[in-house]
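What follows is each chain in one-letter form.
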Amino acid sequence: MTIFFSFLIFYSNVNSQTHKITGRVIDSNSSEPLAFVNVIYGDKNLGTSTNIDGYFTFQTSKDEVKLTFSYLGYSAKTLTINTIKQTELLKVVLVTTSLNLNEVTIVAGENPAHRIINKVIENRENNNPQSLSSFSYVSYNKMYFTVDPKMLDANYDSIKITAKTLPKYLKYRKKTDSLQTDTNKSKSLEVFFSKQHIFLTETVSERKFLYPDKNQEKVIASRSSGLKQPYFLLLATQLQSFSFYSDIVEVGSKKYLSPVAKNATKKYFFQIEDTILNERNDTVFVISYRPLKGTLFDGLKGVISINSNGYALQSVIAEPVQNSEGLGIKIQQKYEFIQNTHWFPVQLNTDIKFSGLQISEYPDTLLLNDSLAVLRKRTLPLLGVGKSYIDMIEINPYLTAKQFNSIQLEITKDAAKKDSTFWNTYRSEQLNNIEKETYKVIDSLGEAEHLDRKIKVLERLTKGYIQWGILNFDLVRMLSYNHFEGLRPCLDISSNEKVLKWFSHGGYVAYGTIDKDFKYGGRLKIGNNMQNETHFVASYSHDVSETGAYSMLDYHSITSSEIYRQLLVNRMYKFDEYKASFTFRFLQYFKTECFGRIVDFSFPDNYTFVNSSDTLKPISSVNEYGAKLKFSYKEKFMKTFFGKYSLGSNYPTLFFNVTRGIKSNYGNFNYWKYEAKINANFDLKLMGKVIVQLSSGFVNKILPLNLLYAGYSNYSGFSLDASNTFATMRMNEFYSDKFVSLFFTYDFGKLLFKAGKFRPGISVCQNVGFGNLNKIENHFGYSFKTLEKGYYETGIVFSNITRQSIAGCGIAIYYRYGPYSFTKMRDNFSIKMSLSLN
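Quick summary incoming for the structure in this document. Here the structure is a predicted model, which means the values were calculated and not measured. Along each chain, numbering runs from 1 in the same order as the chain's sequence is written. In view of the model being predicted, local features appear only for residues whose pLDDT reaches at least 70, and side-chain atom pairs are presented and counted only at 80 or more, with totals across whole chains, interfaces and linings using the full set of residues. The side-chain values count all of the structure's non-hydrogen atoms but skip hydrogen atoms and water molecules.

Moving on to the nonpolar core. Inside soluble globular proteins, nonpolar side chains tend to come together where they are buried. Grouped together as the largest cluster of nonpolar side chains are 40 residues, with contacts concentrated most on F244, I287, L300, I304, I306 and L313. The secondary structure listing takes helices from DSSP runs of H or I that are at least 4 residues long and strands from runs of E that are at least 2 residues long, numbered from the N terminus. Per-element accounting of this core gives the leading share, five residues, to helix α2 (residues 112-122). The contact rule is simple, with two residues in contact once any of their heavy atoms fall within 4.5 Å. The contact partners of I304, leaving out residues within four places of it in the chain, are I117, V260, F285, V286, I287, Y289, L313, S315 and V316. The next biggest cluster of nonpolar side chains, apart from the first, holds 22 residues, and it includes V622, L708, A710 and Y735. As used here, the term nonpolar core means buried Ala, Val, Leu, Ile, Met, Phe, Trp, Tyr and Cys residues forming a set that is joined through side-chain atoms within 4.5 Å. For each residue, the accessible area found with a 1.4 Å probe, counting protein chains only, is set against the maximum for its type, and the residue is called buried under 20%, exposed over 50%, and partly exposed in between.

Right, let's get into a nonpolar patch on the surface. On the surface, a nonpolar cluster with roughly 670 Å² of combined accessible area is contributed by I470, V499, L500, W502, L524, I526, F536 and F582. Structurally, I470 is set in the loop between β23 (465-468) and β24 (471-474). Among the residues examined, I470 registers a relative accessible area of 47% and is labelled partly exposed. The patches described consist of residues with a relative accessible area above 30% and no salt bridge, like charges being joined within 9 Å and nonpolar side chains (Val, Leu, Ile, Met, Phe, Trp, Tyr) within 5 Å. Each accessible area value is a Shrake-Rupley result obtained with a 1.4 Å probe; residue values ignore everything except the protein chains displayed when judging cover. A pair is scored as a salt bridge if a Lys or Arg side-chain nitrogen falls within 4 Å of a carboxyl oxygen belonging to Asp or Glu.

The alternating pattern of strand β7 (residues 90-94) places L90, V92 and L94 on a buried face, while none of K91 and V93, on the opposite face, is buried. Think of it this way: DSSP has to see at least two bridges between two strands before they count as a pair. In the sheet, strand β1 (residues 19-27) pairs with β7 via five bridges, with the strands oriented parallel. Across the sheet, residue V25 finds its bridge partner in β7, namely V92.

This next bit is on the environment of N141. Examined against the element boundaries, N141 turns out to sit in strand β8 (residues 134-147). Between the C-alpha atoms of N141 and R427, which are 286 residues apart in sequence, the distance is 8.6 Å.

By convention, a stacked pair of Phe, Tyr or Trp rings (six-membered ring in the case of Trp) has centres within 6.5 Å and planes under 30 degrees apart, an edge-to-face pair has planes over 60 apart, and any other such pair is tilted. Inspection of the entire model under this criterion finds 52 aromatic pairs. Geometrically, the ring pair formed by Y550 and F739 is tilted, given 6.2 Å between the ring centres and 50° between the ring planes. Of this pair, Y550 sits in the loop between β29 (534-546) and β30 (572-586) while F739 sits in strand β44 (residues 738-749), and the two are 189 residues apart along the sequence. Seen in terms of ring centroids, Y709 and F739 are 5.1 Å apart; in terms of plane orientation they differ by 55°. Their pairing is tilted. In this pair, Y709 is assigned in strand β39 (residues 709-710) and F739 in strand β44, connecting sequence segments 30 residues apart. There is no split in this pair, since Y709 and F739 are both buried. Grouped by ring-pair contacts, the aromatic residues F582, F584, F586, Y589, F590, F631, Y633 and Y651 constitute a single cluster. The ring of Y508 carries R477 above its face, with NZ or CZ at 4.3 Å from the centroid. For a Lys NZ or an Arg CZ to count as sitting over a ring, it must be within 6 Å of the ring centre and within 35 degrees of the ring normal. In this structure, R571 packs its charged tip against the face of Y782, placed 3.3 Å from the ring centre.

Pasting the structure below:
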């Protein structure tokens, strides 16, 4: 009897045995994995989907299972497998179809997808991970660069070479005899990219988040092929938004309307493509989306999967409807229900196609005749593939505000020193042969070519200097131009950290080709506290400065078009200055420079100033002390072994100066000066952005023009457009001892143009200025006006009419009106060239 029951139990277990099936779905052309393919393996649409790497897994008790694979843009495929015999990884290949989302037509009546999308929108706050009180995770990130595998089978283009240019081409190819045909070389790229990538980088980072906006991410490991130091980083949040629940999401570096934004059904067309039932008995709706016809906004297209459990996003595929010139990008996201508590992203993938960066191949086959040669050429765009795997997720861990500071991203000192054991612990899967070969070959190349040293030189160049031994040579000041000095070559040298890390000294000498005068100076700097940016500087300068100019702390950026105004400056004065300053940070968001200086200056040519005693003074002195302050609320920073870099702030930035002039043996004037400036950018989501700058200045005494304020003019015929300047105001046309100016720009971006190759950016500008000057009769030799009645100009800027790589060129037109307008209408116009970095 015991034997009988034992047999029954054994027979029952055999019949109820479950089989685990694992497989991978790939593209038939590229052999690349396909993410979020629907896999139906049971009755009533029971199924699962592939992950970002194309893998799928399910369990079944059946000995034979019918599998159906469906994916938007691909032909469906059905397989029947024996689950007992299927012990190896199942490889499934799908073939693309000619389906295009733009060809789908909207049917009459209520769209059934809208009910599901509206449910997602209703539950956004509940499902958005950034609505949690806190979270933490560890991410492993990998990115490699190669060529688009779909293009390896591309046909060659034929390029005609005339008999005149053929010798030059032959010399370039270093051919000394007749060309030989080598069919093997035409396959050189295929062989290369079948063995390795061009570049590979990996990082491991730890991130903590505290609601609403406190972030801290530490890169604890970094490795890049060919490099020993972590010069390149890839983070989960770097190339795309961490979640798609916000109204505006980022793909690459651009912002787009999310398909689950508020009122998204009025902007996007949605269509249910499939419905499956998963192992938890949740319904998963697969919905495609694209912008509605006739709408005009920066939109996305793709596919989202929505789980009926909380109507949360389970997966996202998205790409811009209109890609940037030379750049195509596609992102994928996968979410899981973590700890049966909250949906959270677990995998992020980004594919970037660089059409502007290409590899060209010229096989050694030419068809020759007496006057003509035909060269075969094939150009392959570069492809970047980034993958982020999020693990060790904690929902609502105990975190406090004291655990966070302004350093949002930090690279640990030992990030580049992690061994293979560490990496194998965090990698989602071990490196394949191509990736191993990439490290092997590129690491050897990097060592032979000293790539770390060259990258370090490039990093210094971005900071504006080059290093030679113990000396740094300033590149920013090396050559400049203005209408007063002409070309100004300048040699600026200072000692670097190889002498002392906490001390440097240096000097400069410059010469103006128009004013025919030398300028020179020296300085010493003590302190190098990266965290608080604390340092003391003592300097002497014999130089020139613009009449009526003032400066704010850390204001100018080399990428701002405002620097173009310096080219037009044509009125300057000579000075000798002794200055000491102490710079430091305090209260997290404040940066301050306290200074004292003694300046002897001469008045500009043909100008004289009469003080209250009615005495003419061709040379004057000032003895000043004061402070410059910058307040940038919630400004974030990145800290690397190179230094500390600002990541900016989403709030307005305030600048403020206060200066006290003392009448003494070293100063002829007693006064107070105040300057203030506010810069603000407002993102209007679908309607572009608003850029505002408000500036003001006040002097409480009668002073020479050197110490007053010039109108921030920028007119000199046809010139370069400069932001936050008066484009129609003549140079030196106005002076004030108190002023206020407003520069307002509404940037529509490309919203006013429908999809197409010609999509320039459009901005409208309104600039206004008011000012006053007491005792204008105390100033002799110069003819100028004051701004009591108000200065007005408006303009329109067409940017990126032509574009090459990261630079764009356009045109700006401004018109001057109001009390200070000219009688002749044409004199009120200013036409400028607009240059922009994209």
